[in-house]
Amino acid sequence: MQIQVLLFGITRDIIGENKLSLTISSGITVKKLKQQLELQYAELNKYNYSVAINEAYAENDTEINNSDTVALIPPVSGG
Amino acid sequence: MTENSSVKITTSRLNLQECYDFVEDTSCGGIALFVGTVRNQTQDKEVTLLDFSSYEAMALKEMQKIADKALNDFDILKIAIHHAEGKLTIGAIPVIIAVSAPHRKAAFEACQFAIDTLKETVPIWKKEHFVDGEVWVNATP
């Protein structure tokens, strides 16, 4: 299936886009998604980024489904 | 937004009076305010400006979670959490937390909890601009 991954902060600079279209297997875990991304964008591996699904922090074993909104969340620095 | 909380992300200038007016209440014995300001240097390097960006939809949800938890865990009446977005110059205000409570201890504690948690969980990022370059804060390999 095809998903959109929203990018923010340094992940936007690394990938060079605001969002990324990605083909993944349905039900893939967050951990697998990160591995797949890091194969293509090795630089990501250097940063301790989180993944959000539907605007909430997801765990490594959370599964990603078709209609989910996925985002990469690099270390935050608000305030 | 619940009746007792106000969370906001804006590209406009933050308004201290608006936060104060939101939390003010006749049953309160005090109001604690935290105002973040852009300082002119980081580790001896001169900063020219900070550029804030957010994942707004999620950031608002995380800010609301903080407001809800503060209202639940501390004996406070109202809380406002406002954050600015975009380019801010030295002395500008990126964040305001206002908390009203019957007694000062809870107001101080809830205010500290809110700013500390915001810095850990809310998806907002700042890029520091220097005379000779720029860097995403906290994103060091």
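To be clear, the structure that these remarks concern was listed above.
Calculation notes
Residues numbered from 1 in each chain as written. Chains lettered and ligands numbered in written order. Predicted model: local features only at pLDDT ≥ 70, side-chain atom pairs only at ≥ 80, totals over all residues. Helix = DSSP H or I, 4+ residues; strand = E, 2+ residues; numbered from the N terminus. Rg over C-alpha atoms; globule rule 2.2 N^0.38 Å. Contact = placed C-beta atoms within 7 Å. Nonpolar A, V, L, I, M, F, W, Y, C, P; charged D, E, K, R; others polar. Buried ≥ 20, exposed ≤ 12 C-beta atoms within 10 Å, placed from the backbone. Arc of directions from axis to C-beta. Pairing = 2+ DSSP bridges. Axes fitted to C-alpha atoms, helices over the stretch in contact; angles between N-to-C directions. Core = buried A, V, L, I, M, F, W, Y, C linked by C-beta atoms within 7 Å.

J.: It is not clear to me how the overall build of chain A should be interpreted in this structure. Could you clarify?
T.: Check the secondary structure of chain A and you find 2 helices and 5 strands. Reading the helices (α) and strands (β) of chain A from amino to carboxyl end gives β-α-β-α-β-β-β. Against the 2.2 N^0.38 benchmark of 12 Å for 79 residues, chain A shows a C-alpha radius of gyration of 12 Å, consistent with a compact globule. A separation of at least 24 residues holds for 53% of the contacts in chain A among residues at least 6 apart in sequence.

J.: How do you make sense of the interface of chain A and chain B when you look at a structure like this?
T.: Interfaces are frequently sized by the accessible area removed from exposure as the parts join. Chain A puts 16 residues into the contact, and the matching count from chain B is 23 residues. Elements with a contribution of two residues or more to the side of chain A that touches chain B: helix 1 (9–15) and strand 5 (70–73) of chain A. Partitioned by chemical class, the residues of the side of chain A that touches chain B number 10 nonpolar, 4 polar and 2 charged.

J.: Looking at this structure, I do not really get helix 2 (residues 30–40) of chain A. What am I missing?
T.: Note on helix geometry: an α-helix contains 3.6 residues per turn, so any two residues three or four positions apart are oriented the same way. All names here are of chain A. Within helix 2 the residues assigned to the buried category are Val30, Leu33 and Leu37. For helix 2, the arc enclosing every buried residue in end-on projection is 60°, short of the 170-degree limit, so these residues lie on one face. In helix 2, the exposed positions angled more than 90 degrees off the buried face are occupied by Gln35 and Leu39. Looking at the buried positions of helix 2, the neighbouring elements they touch are strand 3 (50–53).

J.: Even after reading the chapter, I still don't get the sheet that holds strand 5 (residues 78–84) of chain B, so can you show me in this structure?
T.: Strand pairs in the sheet, formed through backbone hydrogen bonds, run parallel or antiparallel to each other. All names here are of chain B. Reading across from one edge, 1-5-7-2 is the order of the 4 strands in this open sheet, with mixed pairing throughout. Single-partner strands in this sheet number two, and they are strand 1 (5–10) and strand 2 (30–36). On average, adjacent strands in this sheet sit at an angle of 5° to one another, irrespective of strand direction. Pairing geometry for strand 2 and strand 7 (residues 95–101), over 7 bridges, is antiparallel. The residue of strand 7 that forms the bridge with Val35 is Ile96. Those strands touched by helix 2 (residues 56–73) are strand 1 and strand 5, and its axis lies near 155° from that of strand 1.

J.: What's the story with the nonpolar core in this structure? I'm lost.
T.: In globular proteins that are soluble, nonpolar side chains generally tend to be buried together. Residues Ala71(A), Ile76(B), Ile79(B), Ile81(B), Val99(B) and Ala110(B) are the most contacted members of the largest nonpolar core, which totals 60 residues. For this core, the element with the most residues is helix 2 of chain B, which contributes 7 residues.

Keep in mind these numbers describe shape, not what the thing actually does.
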